[in-house]
Amino acid sequence: MINVELLTFGTTTVGLAPIERSLPPRQSERKAARAVASYLLQRPVDIDHYQDGAPFISDFHGCVSISHSQKYIAVAIDNHRSIGIDIEDISRAKRMKRIAPRVLSPEEIHAYAEPQEQLRAWTLKEAAYKAARRGVDFLHHIQLPTDGSNVLVVCGDELSIVASEVRDDIVLSLVTIP
């Protein structure tokens, strides 16, 4: 039995669960994603992928987004709007000083100055990329809010930041197309 934490954000439901690492990594992650999606939809499911890599569940007409870290799987579902979720282990914040200039603008680096905040910025960009479902350059095509608002921009289109949390061991961000 999988231990799922449920998070609800308007019409979006997120299931967050630890990944049991008894199998090789990809198999463990797929098994955990299937278990959480089945838990959310209250029935057994299979997860497939579109050509662009986005996940879908046959006979579910809503949107699905999946992310994993070393320790956790996050599955988001919404019946009405396109969504993107990203989760990262907080331990990855140490690497952000090196990565930030490649994915964050100077204004974003200033607004998200601390390593944990830069990791949060990364998860926001990753979630926006998943919600938008198009090839974009994180540095040039995704602009994060630097004024505290909940709107970010992907190639001129506004997306909503529904959640962006820094916890003790993870950073989790959820973005939707309104």
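Notes on the structure in this doc start here. Once a new chain begins, its residue numbering starts again from 1 and follows that chain's sequence as written. With pLDDT at 70 or above as the cut-off, local features in this predicted model cover only qualifying residues; side-chain atom pairs require 80 or more to be listed or tallied, and sums for whole chains, interfaces and linings still use all residues. Excluding hydrogens and water, the side-chain values take into account all heavy atoms of the structure.

### What to know about the overall build of the chain
Put simply, the test is: Every helix listed is a DSSP run of H or I at least four residues long, and every strand listed is a run of E at least two residues long, numbered separately from the N terminus. A radius of gyration in this sense is built from C-alpha atoms; the matching globule rule multiplies 2.2 Å by the number of residues raised to 0.38. Only protein chains enter the accessibility calculation, which uses a 1.4 Å probe. A residue is then buried if its area is under 20% of the maximum for its type, exposed if over 50%, and partly exposed in between. A contact between two residues is defined here by any heavy atoms of the two lying within 4.5 Å. Only the protein chains shown count as covering a residue, and every accessible area follows the Shrake-Rupley method with a 1.4 Å probe. For the purpose of charge, His is not counted, nor are the chain termini; Lys and Arg are scored as positive and Asp and Glu as negative. A charged residue contributes its charge at one atom only: NZ of Lys, CZ of Arg, CG of Asp or CD of Glu.
Assigned secondary structure in the chain consists of five helices and eleven strands. Compactness check: the chain gives a C-alpha radius of gyration of 16 Å against a globular reference of 16 Å for 178 residues, within 12% of the reference. Among the 178 residues that make up the chain, the fraction classed as buried is 46%. Excluding contacts between residues fewer than 6 apart, the proportion of contacts in the chain whose partners are at least 24 apart in sequence is 49%. If you sum the accessible surface of the chain, you get close to 9,400 Å²; carbon and sulfur atoms cover 50% of it. Of the charged side chains in the chain, 20 are positive and 23 negative, and the gap between their average positions amounts to 6 Å.

### Points about the side chain of S65
Let me state the cut-off plainly: Side-chain atoms alone can form a polar contact between residues adjacent in sequence; in general such a contact is a pair of N or O atoms within 3.5 Å, and within protein one must be able to donate a hydrogen while the other accepts it.
Looking at the element boundaries, S65 is found in strand β5 (residues 63–68). Residue S65 is classed as buried on the basis of its relative accessible area of 3%. A distance of 3.0 Å separates a polar side-chain atom of S65 from the backbone nitrogen of I85.

### Describing the sheet that holds strand β2 (residues 12–18)
Inclusion rule: The pairing criterion is simple: DSSP has to find at least two bridges between the two strands. Under this scheme, a helix contributes an axis fitted over its contacting stretch, all axes are lines through C-alpha atoms, and angles between N-to-C directions fall in the 0 to 180 degree range.
Taken in spatial order, the four strands make up an open sheet running β1-β2-β6-β5, and their pairing is antiparallel. Two strands close off the open sheet at either side, each with one partner strand: β1 (5–9) and β5. Here the strands of the sheet are splayed against their neighbours by 15° on average, with no regard to which way each runs. Sheet topology places β2 next to strand β6 (residues 72–78); seven bridges connect them, and they run antiparallel. The residue bridging P18 from the neighbouring strand is Y72, located in β6.

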